[in-house]
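The lines below spell out each chain.
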Amino acid sequence: EDLGGPTLAQVMDADSADAWFEAAIGQLLRLQAIAPPAGMGEFGEALLQRDAGLFEDWFMGRHLGIVLDCGEAEELQLVQRRLMDNALGQARVLVHRDFMPRNLMPVRPGPAVLDFQDCVRGPVAYDAVSLFKDAFLSWPLQRVDSWLARYHVLAAAAGVPVPALEVFLRDADWMGIQRHLKILGIFARLHYRDGKSKYLPDVPRFIAYLDEVLPRHPQLAALQRLLDARIRPALAAKAPG
């Protein structure tokens, strides 16, 4: 069905966000209530390893020209392993993988959901954090935390297999970090391989996402060190002027 335009990303603002996200959570819960069909792809080890490679090969290597020493490479691999183990340890549901305002249409009842082609069976926190930490819209961390807590209440009531709130919020943070690293790699690949450069200006948004969440998680401190010591200086050196 042709729903026309604009997308939710183009119409929502700080005043309407609570109402629209409440509706979007309702749609997400409907999606998560669908049993993944037999033969559906799995958000598993192979996909996670591919995502990790996007960040290391395309963003750090190709875009920033960073060559890690043995110690740095080992620390990054440990962080990636922890992120992967967290994702693999979560309860599994139907996951859209791009459940964000740009793929939601502001129609009633709704919002309507677009782009199902990447659906997999995967971690329960993935779509929730994708919704609130979007590639094109950023919200204050306190609001994001409150929306994630609201999702948790509604998900638990709907029978979605979410863990205790404290565990879920940790899982959402870590799942978000995994996704942010992947997206940085995708933006670089789109630029260098596909000639699509319009996404690179959004790189600072994802660095900011990492900056606001990493201090909460000492287990991922090596990524913060890499960000401060290598990535941020390399980005500054590439900045115009």
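Quick note: structure is the one above.
Attention in this report is confined to the structure presented alongside it. Predicted model, so just to flag it, every value in this text is computed and none were measured.

### Focus on the packing of helix 3 (residues 45–63) against helix 7 (residues 165–192)
With their axes 7 Å apart at the nearest point, helix 3 and helix 7 run at an angle of 55 degrees to one another. With respect to helix 7, the axis of helix 3 lies oblique. By crossing handedness, the relation of helix 3 to helix 7 is classed as left-handed. Residues Leu48, Asp51, Leu54, Phe55, Trp58, Phe59, Arg62 and His63 of helix 3 form the contact with helix 7, whose own contacting residues are Gln178, Leu181, Lys182, Leu184, Gly185, Ile186, Ala188, Arg189 and Tyr192. Along the lines of polarity and charge, the residues of the contact of helix 3 with helix 7 split into ten nonpolar, three polar and four charged.

### Digging into the packing of aromatic side chains
One pass over the structure, following the stated rule, counts eleven aromatic pairs. For the pair Phe187 and Tyr199, a centre-to-centre distance of 5.4 Å together with 20 degrees between the ring planes defines the contact as stacked. Here Tyr199 lies in the loop between helix 7 and helix 8 (203–213) and Phe187 lies in helix 7, a separation of twelve residues in the sequence. Grouping residues by exposure puts Phe187 and Tyr199 together as buried. An aromatic cluster is built from Phe21, Phe132, Trp139 and Trp147, whose rings are joined through pairwise contacts. Just above the ring of Trp174 sits the side chain of Arg170; from NZ or CZ to the centre is 5.8 Å.

### Points about helix 9 (residues 221–238)
Between the first and last C-alpha of helix 9 there are 25 Å, a value that for 18 residues agrees with the 26 Å anticipated at 1.5 Å per step. Along helix 9, the sharpest change in direction is near 40 degrees and occurs at Leu227. Three or more residues of helix 9 are buried, namely Ala222, Leu223, Gln224, Leu226, Leu227, Ile231 and Ala234. The inward-facing, buried residues of helix 9 contact helix 3, helix 4 (70–89), helix 7 and helix 8.

### Looking at helix 6 (residues 141–157)
Helical geometry: 3.6 residues make up each α-helical turn, so side chains three or four residues apart lie on a common side. The terminal C-alpha atoms of helix 6, which comprises 17 residues, lie 24 Å apart, in line with the 24 Å expected from a rise of 1.5 Å per residue. Listed as buried for helix 6 are Leu141, Val144, Trp147, Leu148, Tyr151, His152 and Ala155. The buried residues of helix 6 all sit within an arc of 150 degrees when viewed along its axis, so they share a single face. Opposite its buried face, helix 6 presents the exposed residues Gln142 and Ala157, each directed more than 90 degrees away.

Cut-offs and rules
Residues numbered from 1 in each chain as written. Predicted model: local features only at pLDDT ≥ 70, side-chain atom pairs only at ≥ 80, totals over all residues. Heavy atoms only, no water. Axes fitted to C-alpha atoms, helices over the stretch in contact; angles between N-to-C directions. Helix = DSSP H or I, 4+ residues; strand = E, 2+ residues; numbered from the N terminus. Parallel < 35°, antiparallel > 145°, perpendicular 65-115°, else oblique. Left-handed = near helix turned anticlockwise from the far one by under 90°. Contact = heavy atoms within 4.5 Å. Nonpolar A, V, L, I, M, F, W, Y, C, P; charged D, E, K, R; others polar. Phe/Tyr/Trp six-rings, centres within 6.5 Å; stacked < 30°, edge-to-face > 60°. Buried < 20%, exposed > 50% of the residue type's maximum accessible area, 1.4 Å probe, protein only. Lys NZ or Arg CZ within 6 Å of the ring centre and 35° of its normal. Expected span 1.5 Å × (residues − 1). Bend = angle between axes of the 7 residues up to and from the residue. Arc of directions from axis to C-beta.

By themselves these figures say nothing about function.
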